[in-house]
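# Secondary and tertiary structure notes
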Amino acid sequence: MLVIDGTQSIPRQPDGVVAAVWGSATNEVTTVEVEFVDGTVVTARPGDLSDSFDKRFWIAATAVATSLTTDPSVAAVRAYDSNGSLLAAEVPTPRG
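So, here is what we can say about the structure in this document. (Residues numbered from 1 in each chain as written. Predicted model: local features only at pLDDT ≥ 70, side-chain atom pairs only at ≥ 80, totals over all residues. Heavy atoms only, no water.)

### Re the overall build of the chain
In terms of helices and strands, the chain carries zero helices and seven strands. Start at the N end of the chain and walk to the C end: the helices and strands fall as β-β-β-β-β-β-β. Buried positions account for 39% of the 96 residues belonging to the chain. For the chain, contacts bridging at least 24 residues in sequence account for 55% of all contacts bridging at least 6. Here the chain has roughly 5500 Å² of accessible surface; of this, 53% comes from carbon and sulfur atoms. (Helix = DSSP H or I, 4+ residues; strand = E, 2+ residues; numbered from the N terminus. Buried < 20%, exposed > 50% of the residue type's maximum accessible area, 1.4 Å probe, protein only. Contact = heavy atoms within 4.5 Å. Areas by Shrake-Rupley, 256 points an atom, 1.4 Å probe, with all protein chains shown as cover.)

Dropping the structure here:
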């Protein structure tokens, strides 16, 4: 239902990183909520501008202080339907 396809931390100046996460979701997912390790929550709306795929794509990013950065920098990703009901939740696994 919900797929986290990747995460990345990009250094920023002077004292932190920009943490990004992206993925794909099935058509019943209307909102993706990404909770970063510092407690910041970013909401994304999956979309397919080409209308060519059977799933839709999303991306979320935020600035995270270096002292709070871990691998992964995302605590959880949750998917909701149009009624606001939780459809799925994923916790990224550390890269190894």
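### What to know about the nonpolar core
Counting 16 residues, the largest nonpolar core has Val-21, Val-32, Val-34, Phe-36, Trp-58, Val-74 and Val-77 as its most contacted members. Listing elements by their share of this core, those giving two or more residues are strand 2 (16-25), strand 3 (31-36), strand 4 (41-44), strand 5 (56-65) and strand 6 (74-80). The element contributing the most residues to this core is strand 2, with four residues. Excluding anything up to four places from it in sequence, Val-34 contacts Val-21, Thr-40, Val-41, Val-42, Trp-58, Ala-60, Val-74, Ala-76 and Val-77. (Core = buried A, V, L, I, M, F, W, Y, C linked by side-chain atoms within 4.5 Å.)

### Describing the sheet that holds strand 3
Strand order in the open sheet formed by four strands is 4-3-6-7, and the pairing between neighbours is antiparallel. Lying at the two open borders of the sheet, with one neighbouring strand each, are strand 4 and strand 7 (86-90). Direction aside, neighbouring strands of the sheet carry axes that sit 20° apart on average. Inspection of the sheet shows strand 6 paired to strand 7 by four bridges, in the antiparallel sense. What sits directly across from Ala-79, in strand 7, is Ala-88. (Pairing = 2+ DSSP bridges. Axes fitted to C-alpha atoms, helices over the stretch in contact; angles between N-to-C directions.)

### A look at unusual backbone geometry
One non-glycine residue, Asp-51, lies in positive phi territory at about 55°. Following the sequence through the fold, Asp-51 ends up in the loop between strand 4 and strand 5. Using a relative accessible area of 70% as the deciding quantity, one classes Asp-51 as exposed.

### Some points on the environment of Thr-43
Turning to its location among the elements, Thr-43 is positioned in strand 4. The spatial distance from the C-alpha of Thr-43 to the C-alpha of Val-32 is 5.7 Å, given a sequence separation of eleven residues. Setting aside its immediate chain neighbours within four residues, Thr-43 contacts Thr-31 and Val-32.

### What about the packing of aromatic side chains?
On inspection of all chains with the given rule, the structure shows one aromatic pair. Arranged with centres 5.3 Å apart and planes meeting at 90°, the rings of Phe-53 and Phe-57 form a pair that is edge-to-face. (Phe/Tyr/Trp six-rings, centres within 6.5 Å; stacked < 30°, edge-to-face > 60°.)

### Thoughts on the environment of Val-21
Within the secondary structure layout, Val-21 lies in strand 2. Spatially, the C-alpha atoms of Val-21 and Trp-58 are 8.5 Å apart, while their sequence positions differ by 37 residues.

That is the geometry; function is a separate question.
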